[in-house]
Amino acid sequence: MTGIPDKLNFALPDGHLMSHVLPFIEGAGLGFDGYDETSDLNRRPPMRTESDTAKTLIQQPDRVAAKVIRPQDMPVHVANGNFDIAISGTDWLAEHRQRFPKSPVIEKLRMGFGKVRIVAAVHQDDGDNLPDFIESFRSRSGGEYLKIASEYVYLADSYAQKKNLHPYRVIMTYGATESLIPEDCDMIVENTETGNTLRKNNLKIIDTLEVLGASESEGCLIANQESLEIPWKKELVEGIVSLFENYLK
Ligand SMILES: Nc1ncnc2c1ncn2[C@@H]1O[C@H](COP(=O)(O)OP(=O)(O)OP(=O)(O)O)[C@@H](O)[C@H]1O
Ligand SMILES: O=P(O)(O)OC[C@H]1O[C@H](OP(=O)(O)OP(=O)(O)O)[C@H](O)[C@@H]1O
């Protein structure tokens, strides 16, 4: 079974993006009961239309089944049809597209919050830019592989190929990536908002990766293209998109 039958399955984020999504959906005129930052988070919050505009644009709110999951997991769930739409980040959509170029997941709307840069960072004493760093690394490494750690393994690999960093290896992490330099890897590809985490760990940004044509990642609404071929789902999704677009104006 994929998702709840006869419902528009809508994935909402927990973690960092949740604090941004909460004021956004409230401002747009929607409510999700129990979707808040308390320890009592309801992972299946029922959706309510609150504003008059929301009631006009979304005629069948009862057909929406929301579930709260991690943004990182969303693109693949949407691709598999477990969810029809989701609020994730363009970073995770880019990572998914890099991995599955023929994925049916499409971007419906960039939402303007949760902005982070995806950067290449190295030890602070290891050069000011990528060519300096590579020169310093090659001169001391004796032909060793460059070890690049990241949660974004496909973006990191594509970056390393584009910059011709061979020979290299990408090491997959599940967080705390900034702790790995210098002992366990030579470079990381990581997100950064304020830069505090990098500075605290004696790291320096030497490059910024492009994320779906932009210099920053941001929250975005994604959808399964095939779901939009079902008329009632398309109507609901377009209602939600219009509501969000009105709020962004
Ligand atoms: N300061 C931030 N740190 C990390 N991610 C952020 C930040 N601000 C916005 N984001 C975005 O939030 C999403 C986080 O996705 P993820 O699935 O890793 O969830 P999370 O549980 O919030 O992350 P974490 O494991 O860092 O707690 C990404 O799209 C990321 O770009
Ligand atoms: O540039 P900053 O403002 O410091 O924010 C970015 C950092 O915040 C997040 O880490 P988090 O603290 O959630 O831990 P994690 O590494 O386990 O994801 C993220 O993974 C970065 O490391």
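Treat the numbers as computed from the prediction; the structure is a model and nothing was measured. Position numbers for residues count from 1 along each chain, tracking the sequence in the order it is written. Written order determines the labels here, with chains lettered from A and ligands numbered from 1. For this predicted model, a pLDDT threshold of at least 70 governs which residues receive local features, and a threshold of 80 or more governs which side-chain atom pairs are given and counted, while totals over whole chains, interfaces and linings are taken from all residues. To get the side-chain values, all heavy atoms of the structure are used, and hydrogens and water are removed first.

(A) Highlighting the pairing of strand β4 (residues 64–69). Type-normalised accessible area, obtained with a 1.4 Å probe on protein chains alone, sets the label of each residue: buried when under 20%, exposed when over 50%, and partly exposed for intermediate values. The numbering of helices and of strands both runs from the N terminus, where a helix is a DSSP run of H or I of at least 4 residues and a strand a run of E of at least 2. The buried count for β4 comes to five of six residues, which makes it a mostly enclosed element. Two strands pair when backbone bridges link them, and strand β1 (residues 8–13) and β4 are joined in this way by six bridges, in the parallel orientation. Bridged to L12 within β4 is V68. When DSSP locates at least two bridges between a pair of strands, those strands are taken to pair.

(B) The packing of aromatic side chains, seen in detail. Between rings of Phe, Tyr and Trp, where Trp is taken as its six-membered ring, a pair exists when centres lie within 6.5 Å; planes separated by under 30 degrees are stacked, by over 60 edge-to-face, and by other angles tilted. Taken as a whole and judged by the stated rule, the model has seven aromatic pairs. Centre to centre, the rings of F10 and F32 are 5.9 Å apart; their planes meet at 80 degrees, and the pair counts as edge-to-face. On the criterion of sequence distance, the pair formed by F10 in strand β1 and F32 in strand β2 (residues 30–32) is long-range, its members being 22 residues apart. The exposure class assigned to F32 is buried, which follows from its relative accessible area of 6%. Centre to centre, the rings of F32 and Y35 are 6.3 Å apart; their planes meet at 80 degrees, and the pair counts as edge-to-face. Note on accessibility: F32 and Y35 belong to one class, buried. Two thresholds decide whether a charge sits over a ring: the Lys NZ or Arg CZ must be within 6 Å of the ring centre and within 35 degrees of the ring normal. Over the ring of W232 we find R63, and its NZ or CZ is 3.6 Å from the ring centre. Across the ring face of Y145, the terminal group of R169 is positioned such that the distance to the ring centre comes to 3.8 Å.

(C) Structural detail: helix α5 (residues 130–141). One fewer than the residue count of a helix, multiplied by 1.5 Å, yields its expected span. With twelve residues, α5 should reach 16 Å at 1.5 Å per residue; the first-to-last C-alpha distance of 16 Å fits that figure. Along α5, the residues that are buried comprise L130, F133, I134, F137 and S141. In an axial view of α5, the angular spread of the buried residues amounts to 95 degrees, which keeps them on one side of the axis. In this structure, α5 carries P131, E135 and S139 as exposed residues pointing more than 90 degrees from its buried face. Working rule for contacts: check all heavy atoms of both residues, and any pair within 4.5 Å makes them a contact. Where α5 is buried, its residues meet β7 (117–123), β8 (146–150), α6 (153–162), β10 (187–192) and β11 (203–208). Contacts described as polar in this section are N or O atom pairs within 3.5 Å, which, within protein, must combine one atom able to donate a hydrogen with one able to accept it, while residues neighboring in sequence count only if both atoms come from side chains. Taking the backbone nitrogen of D132 as reference, a side-chain oxygen 2.9 Å away marks N129 as the first, capping residue of α5. Just downstream of α5 lies G142, where phi reads positive at about 60 degrees. In this description, the arc belongs to the directions extending from the helix axis to the C-beta atoms.

(D) Region of interest: the site of ligand 1. Nearness here has a simple test: a residue counts as near a molecule or strand if at least one of its heavy atoms is within 4 Å of that partner. Taken together, the neighbourhood of ligand 1 is formed by 14 residues, with H16, R70, Q72, D91 and E193 sitting nearest. Between an oxygen atom of ligand 1 and a side-chain N or O atom of W92, the distance comes to 3.2 Å. Contact between ligand 1 and E193: a nitrogen atom at 2.6 Å from a side-chain N or O atom of the residue. The method behind every accessible area is Shrake-Rupley, applied with a 1.4 Å probe, and residues are considered shielded solely by the protein chains displayed. Protein contacts shield 81% of the accessible area of ligand 1, which totals 610 Å² for the unbound molecule.

(E) Looking closely at the domain arrangement of the chain. By convention here, the domain bounds are inherited from an automatic or database domain assignment. For the chain, the assigned domains are domain 1 (8–115 + 217–248) and domain 2 (117–208). On the domain 2 side, the residues contacting the nine residues of domain 1 number nine residues. Buried area adds together the accessible area that both of two parts lose upon being put together, with accessible area traced by a 1.4 Å probe. Of the roughly 890 Å² buried between domain 1 and domain 2 on both sides combined, carbon and sulfur atoms contribute 55%. Ranking the residues of domain 1 by area buried against domain 2 places D91, E95 and Q98 at the top, with a combined share of 47%. A pairing counts as a salt bridge when a side-chain nitrogen of Lys or Arg comes within 4 Å of a carboxyl oxygen of Asp or Glu. Counting the contacts that link domain 1 with domain 2 gives zero salt bridges.

(F) Local environment of the packing of helix α4 (residues 90–99) against α6. Axis lines are fitted through C-alpha atoms, for helices just across the contact stretch, and the angle between N-to-C directions can take any value from 0 to 180 degrees. Contact geometry of α4 with α6 gives a least axis separation of 8 Å together with a crossing angle of 70 degrees. By the angle between their axes, α4 is roughly perpendicular relative to α6. Judged by the sense of rotation from one axis to the other, the crossing of α4 with α6 is left-handed. Listed contacts from α6 to D91, A94, E95, Q98 and R99 of α4 are V153, Y154, L155 and S158. The residue makeup of the contact of α4 with α6, split by class, is four nonpolar, two polar and three charged. Orientation is classified from the angle alone, with under 35 degrees giving roughly parallel, over 145 giving roughly antiparallel, 65 to 115 giving roughly perpendicular, and any other angle giving oblique. When the near helix sits turned anticlockwise from the far one by under a right angle, the crossing is termed left-handed; a clockwise turn instead gives a right-handed crossing. Residue polarity is assigned by list, with Asp, Glu, Lys and Arg as charged and Ala, Val, Leu, Ile, Met, Phe, Trp, Tyr, Cys and Pro as nonpolar; anything else, Gly included, falls into the polar class.

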